[in-house]
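Residues per chain are reported as follows:
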Amino acid sequence: RRHVAAPPWAAAWDLLNLLRTLELHDVPPNSRGELPEGFVSSFGSSLTRRLDDPAGAIRLCFALARDLSLVAVGEGSFRTTSRAERWVRAELHAQSRRIAEWWVERGAEGEHEPMRGAAGFRPDLETMSSARRVILERLADCEPCRWYSARDLAERIRSSRPHILRPQNRLVRELGMTGAREALGDWPDAEGAWIARVLAGPLTWLHIVETTQESEPLFSLTADGAWLVGRVGRPPVPSSGPRLALDAEGRVRVQAATSELIWSLAGFARPARANGRPLYLIDRRSVARARRAGIGPSSIIQCLQTHAENGLPRGLVRQVHEWGREPHRLSVSRALVVRCETEAGADELLGSPIARGYSPERLDAARVLLTLPDGDAEREAQALLRRLVRSGLFAADR
């Protein structure tokens, strides 16, 4: 049986990776104050597992981060706040519970797509939130690690709570008795499709269930999920401390995680995914960005040595130190490129006392670069042009 599993507390991983990425990159808000579409699209490949709607999961995490004031806009870009530091110190299971609660309250983008054609359906917040709570209540009746049919779950829900997405009296009021009777005939299929979508999407991402990729989808309540839905009183206890597995190419796999380890790792390695499993990539770009944030090569090596299962590849240690060297210094100046009609004109300009004050440099036979002083570059360029023309040696088209 081929099934889809997310890492324990996968949603918490994704939120930590998102916060760290916003901290290290300059991500400006779009015109609506939200994450820009390009960023959402590129970050989707960094999620801990492949999702049918990665944008929905990213926006759900971001909405929670804003609601908890973990991010704010500063200097034109999103920045993490001091509250994010407190969030990182919380246990992964506590973070996951808060994300699950947020999902129950708000839902994920595009989640209600199977219901779009159902007569009389409107995705109001209260009805959808109540329906999500009903699903969790029924999941609490399931045995962990035992496989169930999504169809059976929908029927069990319907037997006690018919039409969780549309109370029948409201349907009659809106469509009339005859219209309601016709609509309710198709309602179970649409509602069942919605429940199956929730199981395969948000609930798998939240690691409440694992699901199969079959025409008749099955699901199994995870140990994490048993705690999140209230079936057991305590979250699963990790069998060991945080552990990493590394190779010489800079690929890092997290064997056992804590919130602080993921936060540290995401500071100098890019979250990615290979063969459906999450990993982190250490490369020149990630180490250079870490150095800019104050995370030097020695700190990176110390973190890896502390948590690596079998030591560090020597080649990787050398690479990290190489990538973490001091950056190349740059300076930016405003300059004017003057094109002369002849090479003799360029020679004359290079020797002109007027041009001498602008550090002239020859670009090619007929072009000269003149560096402009700080200030109003346009005004300075026009003044320089007037002085050259007044010298009588040069002429310019206005």
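Remember, it's a predicted structure, so these values are computed and weren't measured experimentally.

Here is what the cut-offs are and how they apply
Residues numbered from 1 in each chain as written. Predicted model: local features only at pLDDT ≥ 70, side-chain atom pairs only at ≥ 80, totals over all residues. Heavy atoms only, no water. Salt bridge = Lys/Arg side-chain N within 4 Å of Asp/Glu carboxyl O. Pairing = 2+ DSSP bridges. Helix = DSSP H or I, 4+ residues; strand = E, 2+ residues; numbered from the N terminus. Axes fitted to C-alpha atoms, helices over the stretch in contact; angles between N-to-C directions. Phe/Tyr/Trp six-rings, centres within 6.5 Å; stacked < 30°, edge-to-face > 60°. Buried < 20%, exposed > 50% of the residue type's maximum accessible area, 1.4 Å probe, protein only. Lys NZ or Arg CZ within 6 Å of the ring centre and 35° of its normal. 1 Å grid on protein atoms, 1.4 Å probe; cavity = no way out; pocket = protein on both sides within 12 Å on 5 of 7 lines; lining within 4 Å. Points joined across faces, edges and corners; volume = space filled by probe spheres on them. Core = buried A, V, L, I, M, F, W, Y, C linked by side-chain atoms within 4.5 Å. Contact = heavy atoms within 4.5 Å. Expected span 1.5 Å × (residues − 1).

A. Here's a closer look at the pattern of salt bridges. Evaluation of the coordinates by the stated rule reveals 15 salt bridges. The residue Asp376 makes a salt bridge to Arg379 at a minimum N-O spacing of 3.8 Å.

B. Expanded view of the sheet that holds strand 10 (residues 277–281). Strand order across the open sheet formed by four strands is 7-8-10-9, with antiparallel pairing between neighbours. With one partner strand each, in any of the chains shown, strand 7 (243–246) and strand 9 (270–274) form the two edges of the open sheet. In this sheet, neighbouring strand axes are inclined to one another by 40 degrees on average, regardless of whether the strands run parallel or antiparallel. Judged from the two bridges that link them, strand 8 (residues 251–256) and strand 10 form a sheet pairing that is antiparallel. What sits directly across from Val252, in strand 10, is Tyr280.

C. Layout of the packing of aromatic side chains. By the definition in use, this model includes four aromatic pairs. Look at Trp9 and Trp227: their rings are 6.1 Å apart centre to centre, the planes differ by 85 degrees, and that puts the pair in the edge-to-face class. Of the two residues, Trp9 is situated in the loop between strand 1 (3–4) and helix 1 (10–24) and Trp227 in helix 10 (residues 223–228); the sequence distance between them amounts to 218 residues. Accessibility expressed as a relative area gives 6% for Trp227, which makes it buried. Over the aromatic face of Trp227 sits the side chain of Arg97, whose NZ or CZ is 4.0 Å from the ring centroid.

D. Structural context of empty space enclosed by the protein. By the definition in use, this model includes one cavity of 30 Å³ or more. Approximately 30 Å³ is the volume attributed to the largest cavity. If you trace the largest cavity, you find it lined by Ala150, Ala196, Leu199, Ala200, Thr211, Pro217, Leu218 and Phe219. Residue assignment for the lining of the largest cavity shows that the elements contributing at least two residues are helix 8 (168–200) and strand 6 (218–221).

E. Just the nonpolar core, in detail. Membership of the largest hydrophobic core comes to 95 residues, with the highest contact counts inside it found for Leu139, Leu203, Ile208 and Phe268. Apart from residues lying up to four places away in sequence, Ile208 is in contact with Leu136, Leu139, Leu203, Ser220, Leu221, Thr222, Gly225, Leu228 and Val229. Grouped together as the second largest cluster of nonpolar side chains are 15 residues, Ala346, Ile354, Leu370 and Leu384 included.

F. Region of the structure containing the sheet that holds strand 12 (residues 361–362). The strand order 11-13-12 describes an open sheet built from three strands, whose pairing is antiparallel. For this open sheet the edge positions go to strand 11 (335–339) and strand 12, each flanked by a neighbour on one side alone. In the sheet, strand 11 pairs with strand 13 (residues 367–371) via five bridges, with the strands oriented antiparallel. When the sheet's bridge partners are listed, Leu336 is paired in strand 13 with Leu370.

G. Representation of unusual backbone geometry within the structure. With a phi close to 70 degrees, Cys145 is a non-glycine residue in the positive phi region. Looking at where Cys145 falls in the secondary structure, it is placed in the loop between helix 6 (125–139) and strand 4 (147–149). Even without a glycine there, the phi angle at His207 is positive, about 60 degrees. On the basis of relative accessible area, His207 is assigned to the buried category, the value being 6%.

H. Representation of helix 5 (residues 92–106) within the structure. Given a rise of 1.5 Å per residue, 15 residues ought to cover 21 Å, and the 21 Å separating the end C-alpha atoms of helix 5 matches this to within 8%. Among the residues of helix 5, those classed as buried are Leu92, Gln95, Ser96, Ile99, Ala100, Trp102, Trp103 and Val104. Backbone geometry just downstream of helix 5 places Gly107 in the positive-phi region, at approximately 80 degrees.

I. Main features of the environment of Phe62. You can see Phe62 is positioned in helix 3 (residues 54–67). If we skip the residues at most four places from it in the chain, Phe62 touches Leu18, Leu22, Gly33, Glu34, Leu35, Val71 and Phe78.

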